[in-house]
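If you want the building blocks of each chain, they are given just below.
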Amino acid sequence: MSTEISTRSEPVKPTGKVERGARRKLSYPMILLIIAGALLLLSLVRVVTDTGSLTDTRQWASALGLAVPIGLAGLGGLWAERAGVINIGLEGMMMLGLFAAGWIGWQYGPWAAVLAGVIGGVLGGLVHAVATVTFGVDHIVSGVAINILALGVVQFLAKLWFGQEGSAAAEAGGNDKQSPRMDELGDFTVPLLSDGLATVRGWDIFFVSDVAGVAGAAVTNVSWLVLIAVLLFVGTYVVLWRTGFGLRLRSCGENPTATESLGVNVYLYKYLALLVSGGLAGLGGAYLAVFVRMYQDGQTGGRGYLGLATMIFGNWRPGGVAMGAGLFGFVDALQIRGGGTVVHALLLLFAIGLAGYAIYQFFRNKRASAAITGLLAVALFAWFSSTETMPLELVSASPYITTLVVLALFSQRLRAPKAIGKPYRRGEGT
């Protein structure tokens, strides 16, 4: 029997008809058209609400920075769940990476901190792999246990290594809640392109200047870790969807019994997936430490759970995870930098977007979904029209509210790996 798995993920119907409910892949021109439409909508809302920060380069640079740890956590979840293992322990793995980066960073510099953060996350992934793959522990139980265990471990070690009186860390400014500060990692700017986009931004031309403001964030004072994160997203797509290794790993999440019958070591692939998953989450934690140049207690702030949400919203694909992380990073940056007035402008943005989505659903004969989405759009527009700002409590919770709304709207279009979370024992299919 051949040990290779066919590269055809779905059988082709001999009649040439598309199965009802099948998902159509978006072409690159369609993706570019959607992005252009989103930018046009953003420009329109910016003009109507007179909220220039919606397309300001600094705003989008902040959004990009805030999206990176969420995106890395989501990418880590993608690796694990494509192999069939639910990884709800992403938050704990980020904590381990954050602490390891803070511990090593103040002694050996930021790049050593990045490496230490990855190693810390890998250790968390290894614990999850041993529990779920080797001993068959329920995936949710193991993930929750890792989150609780990681929180206790980092708080205990912080008191022991950073807050102990007379220690080198304490003398350097550390305490039981934070590590001493590390050196800056540095960033890069594309000189001519950055200056040119800044000039166009200053012209204040509808849409053109808005696009320049958004694009400027990608070429001005960009952290090297942001570039590494982008390369990891591209690399994940290439490895998982364009190589035999990736096909075998994804088959472990679809039908591990059939995969084993073709000679694939399913345990090995699940272990590798969880080690990569933990490493990516740990890198997200290291990014947080390098960003503020220290470890701080509670610094992850639930970003591991948001990463899990972006993975689900992104339909277990790297591009979807990137878009979800960008959305949540953008909303988070708005509530941090802009406050209630800027977040209030989002109500109009979401109202118009939901109205367009309702029309799209209506023409696809999804009348019930279109009606619900339309009513939500009307409610948001009425809220926007009757108020001038957002309460502070809602401003702080806006990233999490956005997460719930997005998942509720797109939950019917999701397709998780078939064997995700299911117990698997070697040899059970023979």
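You'll find the chain entered in an unreviewed UniProt entry as ABC transporter permease, with Streptomyces bohaiensis given as the organism. Entered under Subcellular location (unreviewed entry) in the UniProt record, the comment concerning the chain runs "Cell membrane".

Chemist: Outline the pattern of salt bridges, supporting the account with residue identities and numerical values.
Modeler: A complete count under the given rule lists 8 salt bridges for this structure. For Glu254, the salt bridge is made with Arg82, and the minimal N-O distance between the two is 4.0 Å. In this pair, Glu254 sits in helix H10 (residues 244–254) while Arg82 sits in helix H2 (residues 57–82), placing the two residues 172 residues apart along the sequence. Relative accessible area serves as the criterion here: at 23%, Glu254 is assigned to the partly exposed category. Between Arg415 and Glu254 there is a salt bridge whose closest N-O contact spans 2.7 Å. Highlighted residues: Arg415 in the segment after helix H17 (392–410) and Glu254 in helix H10, separated in sequence by 161 residues. Counted as one network, the salt bridges with shared partners bring together Arg46, Arg201, Asp204 and Asp210.

Chemist: Go over the layout of surface pockets with me, naming the residues and quoting the values.
Modeler: By volume, the second largest pocket is sized at about 510 Å³. For the second largest pocket, the lining is made up of 23 residues, of which Asp187, Asn221, Ser223, Tyr287 and Phe291 are closest to its centre. Elements that contribute at least two residues to the lining of the second largest pocket include exactly H2, strand E2 (222–223), helix H9 (224–242), helix H12 (266–292) and helix H14 (318–337). Among the elements that take part in the lining of the second largest pocket, H2 stands out by supplying 6 residues, more than any other. By residue class, the composition of the lining of the second largest pocket is 12 nonpolar, 6 polar and 5 charged.

The rules behind each value
Residues numbered from 1 in each chain as written. Predicted model: local features only at pLDDT ≥ 70, side-chain atom pairs only at ≥ 80, totals over all residues. Heavy atoms only, no water. UniProt positions renumbered as here; feature names shortened; annotations may be inferred. Salt bridge = Lys/Arg side-chain N within 4 Å of Asp/Glu carboxyl O. Helix = DSSP H or I, 4+ residues; strand = E, 2+ residues; numbered from the N terminus. Buried < 20%, exposed > 50% of the residue type's maximum accessible area, 1.4 Å probe, protein only. 1 Å grid on protein atoms, 1.4 Å probe; cavity = no way out; pocket = protein on both sides within 12 Å on 5 of 7 lines; lining within 4 Å. Points joined across faces, edges and corners; volume = space filled by probe spheres on them. Nonpolar A, V, L, I, M, F, W, Y, C, P; charged D, E, K, R; others polar.

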